[in-house]
Amino acid sequence: MLNLILPSNLDALREILDEDPEFLLDVAAMVNCLGTCRLCERRFVPITPLVESLEPLYGDFKGLHALLRHNPYISLSEAICGFCHADPGLLNMFQKMKKL
Ligand SMILES: [Zn+2]
């Protein structure tokens, strides 16, 4: 199923993502690892489960990780999107709110 929409090598995948970064959201939806940011409710993709899902297809964990981490929809966190994760001010506010 996955190999119907995904190219068979990483270079081709990189080209698709360069043209259309949102393509990653479709892939994540198919492998069921799309997240919703707890701060801004934006849809995003936590990198670890996605890389683990795609690894069997490409057999290159490091290459996938390096390729995907630059996508704007990717986050290193599983709860907060990359946009909020990159904004320490917002993150601090969120942590303060949780303490209240
Ligand atoms: Zn967010």
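Residues numbered from 1 in each chain as written. Predicted model: local features only at pLDDT ≥ 70, side-chain atom pairs only at ≥ 80, totals over all residues. Heavy atoms only, no water.

Caption draft 1: Fine view of a negative patch on the surface. The grouping of Glu15, Asp18, Glu19, Asp20, Glu22 and Asp26 at the surface amounts to a negative patch. Among the elements that line the negative patch, the one with the most residues is helix α2 (residues 10-19), at three residues. Note that Glu22 resides in the loop between α2 and α3 (23-30). (Patch = residues over 30% accessible without salt bridge, like charges linked within 9 Å, V, L, I, M, F, W, Y side chains within 5 Å. Areas by Shrake-Rupley, 256 points an atom, 1.4 Å probe, with all protein chains shown as cover. Salt bridge = Lys/Arg side-chain N within 4 Å of Asp/Glu carboxyl O. Lys, Arg positive; Asp, Glu negative; His and termini not counted. Charge placed at Lys NZ, Arg CZ, Asp CG, Glu CD. Helix = DSSP H or I, 4+ residues; strand = E, 2+ residues; numbered from the N terminus.)

Caption draft 2: Spatial organisation of a nonpolar patch on the surface. Taken together, the side chains of Leu4, Ile5 and Met30 make up a nonpolar region of the molecular surface, amounting to roughly 280 Å² of accessible area. Considering the arrangement of structural elements, one finds Leu4 in helix α1 (residues 2-5).

Caption draft 3: Fine view of the packing of α2 against helix α5 (residues 61-68). With their axes 11 Å apart at the nearest point, α2 and α5 run at an angle of 15° to one another. In this view, α2 runs roughly parallel relative to α5, as classed from their interaxial angle. For the element pair α2 and α5, the recorded crossing hand is right-handed. Seen from α2, the contacting residues are Leu10, Leu13, Arg14 and Leu17; seen from α5, they are Gly63, Leu64, Leu67 and Leu68. Split by residue class, the contact of α2 with α5 holds six nonpolar, one polar and one charged. (Axes fitted to C-alpha atoms, helices over the stretch in contact; angles between N-to-C directions. Parallel < 35°, antiparallel > 145°, perpendicular 65-115°, else oblique. Left-handed = near helix turned anticlockwise from the far one by under 90°. Contact = heavy atoms within 4.5 Å. Nonpolar A, V, L, I, M, F, W, Y, C, P; charged D, E, K, R; others polar.)

Caption draft 4: The coordination of the zinc ion, seen in detail. The zinc ion binds to the protein through Cys37 (SG), Cys40 (SG), Cys81 (SG) and Cys84 (SG), with metal-donor distances spanning 2.3 Å. Counting residues between consecutive donors of the zinc ion along the chain gives the motif C-x2-C-x40-C-x2-C. Linking Cys37 in the loop between β1 (35-36) and β2 (43-46) with Cys84 in helix α6 (residues 82-85), this pair joins segments that are 47 residues apart in sequence. By the burial criterion, Cys37 is buried, and Cys84 matches it. (Donors = N, O, S within 2.8 Å, 3.2 Å for Na, K, Ca; no water. Buried < 20%, exposed > 50% of the residue type's maximum accessible area, 1.4 Å probe, protein only.)

Caption draft 5: Examining unusual backbone geometry more closely. With phi around 65°, Asn32 is a residue other than glycine that occupies positive phi space. With respect to the element layout, Asn32 can be found in the loop between α3 and β1. Notably, Glu41 is not glycine yet its phi reads approximately 65°, a positive angle.

Caption draft 6: Summary view of the pattern of salt bridges. Evaluated as defined, the whole model comprises one salt bridge. Ionic pairing is found between Arg14 and Asp11, a salt bridge with its closest N-O pair at 2.9 Å. Residue Arg14 and its partner Asp11 are both found in helix α2; the two are separated by three residues, about one turn of the helix.

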